[in-house]
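Each chain is listed here by its residues.
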Amino acid sequence: MIRPIIFATALLSSASCTTAFAPAATAVTTQQQRTSSSPITSLTPLKMSDSPDTPTQLKIQSLVDDNPVLLFMKGSKLFPQCGFSNTACQILQSYNIDFETVDVLADEQIRQGVKDFSQWPTIPQLYVCGEFVGGSDIMIEMYQSGELGEMIEKAKADMV
């Protein structure tokens, strides 16, 4: 017996759809004018946490600063605990580069803190030379285009 699946969708403008899923893109904020019934849309750039004021944020900033290639993931390089983290590890291992990992499953504060730090809702999260790259889907796209390889080569040069 086949049961129908019902999907509820919200109508979004193309700008808000695009920005909702892109890191370092723009966030769309809507304000109502008192004199008009139409919304005004203004663009505000997204950025990583400006002031790491909690111990968790300071720890994350330190990890990012101290490791040229850093992957926040579920599990470890040797034993990834999700398919996306496994994919991220395999991509990085294909470059024969030393990279550090942080198991977010071992520390709930780090798990939530890294999401707040990058303003990116999912794990894994890759940082190269202190710059937030993205998750496994973005890593796959950048790997296929060669862009990730260029970033990794720069990180290798910084390691020497």
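Residues numbered from 1 in each chain as written. Predicted model: local features only at pLDDT ≥ 70, side-chain atom pairs only at ≥ 80, totals over all residues. Heavy atoms only, no water.

### A look at the overall build of the protein
Next up, step 1: A count of helices and strands for the protein gives six helices and six strands.
Next up, step 2: Seen in sequence order, the protein has helices and strands lined up from the N terminus as α-β-β-α-β-α-β-α-β-β-α-α.
Next up, step 3: Scored against the burial criterion, the 160 residues of the protein give a buried share of 31%.
Next up, step 4: Sequence separation of at least 24 residues holds for 55% of the intrachain contacts in the protein that already meet a minimum separation of 6. (Helix = DSSP H or I, 4+ residues; strand = E, 2+ residues; numbered from the N terminus. Buried < 20%, exposed > 50% of the residue type's maximum accessible area, 1.4 Å probe, protein only. Contact = heavy atoms within 4.5 Å.)

### A word on the packing of aromatic side chains
Next up, step 1: Enumeration according to the criterion identifies five aromatic pairs in this entry.
Next up, step 2: Seen in terms of ring centroids, phenylalanine 117 and tyrosine 127 are 6.1 Å apart; in terms of plane orientation they differ by 55°. Their pairing is tilted. Placement of the pair is phenylalanine 117 in helix α4 (residues 108-118) and tyrosine 127 in strand β5 (residues 125-128), with a sequence separation of ten residues.
Next up, step 3: A relative accessible area of 1% places phenylalanine 117 in the buried class. (Phe/Tyr/Trp six-rings, centres within 6.5 Å; stacked < 30°, edge-to-face > 60°.)

### Structural notes on α4
Next up, step 1: Of all the residues in α4, the buried ones are Ile110, Gly113, Val114, Phe117 and Ser118. Buried residues of α4, seen end-on, are gathered within an arc of 115° and therefore sit on one face of the element.
Next up, step 2: For α4, the N-terminal capping position is held by aspartate 107, with its side-chain oxygen 2.9 Å away from the main-chain nitrogen of glutamine 109.
Next up, step 3: Downstream of α4 by a residue or two, glutamine 119 has a phi angle that is positive, lying close to 55°. (Arc of directions from axis to C-beta. Polar contact = N/O pair within 3.5 Å; in protein donor to acceptor, adjacent residues only side chain to side chain.)

### As for the state of the cysteines
Two cysteines, two sulfur atoms, one covalent bond between them: this is a disulfide.
Next up, step 1: Enumeration according to the criterion identifies zero disulfides in this entry.
Next up, step 2: Free of any disulfide, cysteine 82 has its nearest neighbouring cysteine sulfur in cysteine 89, separated by 9.2 Å.
Next up, step 3: The class of cysteine 89 is buried, set by a relative accessible area of 1%. (Disulfide = S-S within 2.5 Å.)

### Details of the environment of threonine 87
Next up, step 1: Residue placement: threonine 87 occurs in helix α3 (residues 83-93).
Next up, step 2: Separated by 50 residues in the primary sequence, threonine 87 and aspartate 137 place their C-alpha atoms 9.1 Å from one another.

### A few points about the confidence of the model for the protein
Next up, step 1: Taken over all residues, the pLDDT of the protein has a mean of 76, while the share at 70 or more is 67%.
Next up, step 2: Mean pLDDT across the elements of the protein ranges from a minimum in helix α1 (residues 14-20), with 31, to a maximum in strand β4 (residues 100-103), with 98.
Next up, step 3: Contacts for the low-pLDDT stretch residues 1-50, under 50 throughout, to residues beyond four places or in other chains number 49 contacts. (pLDDT = per-residue confidence, 0-100.)

### A short note on the pairing of β5
Next up, step 1: The side-chain alternation of β5 yields two buried faces, one formed by Gln125 and Tyr127 and the other by Leu126 and Val128.
Next up, step 2: Summarising the sheet, strand β3 (residues 69-73) and β5 pair through four bridges and their orientation is antiparallel. Pairing of leucine 71 across the sheet is with leucine 126, part of β5.
Next up, step 3: In this structure, β5 lies alongside strand β6 (residues 131-134), joined through three bridges in antiparallel fashion. The residue of β6 that forms the bridge with leucine 126 is glycine 134.
Next up, step 4: Hairpin connection of β5 to β6: two residues between the antiparallel strands, including cysteine 129 at a positive phi of 55°. (Pairing = 2+ DSSP bridges.)

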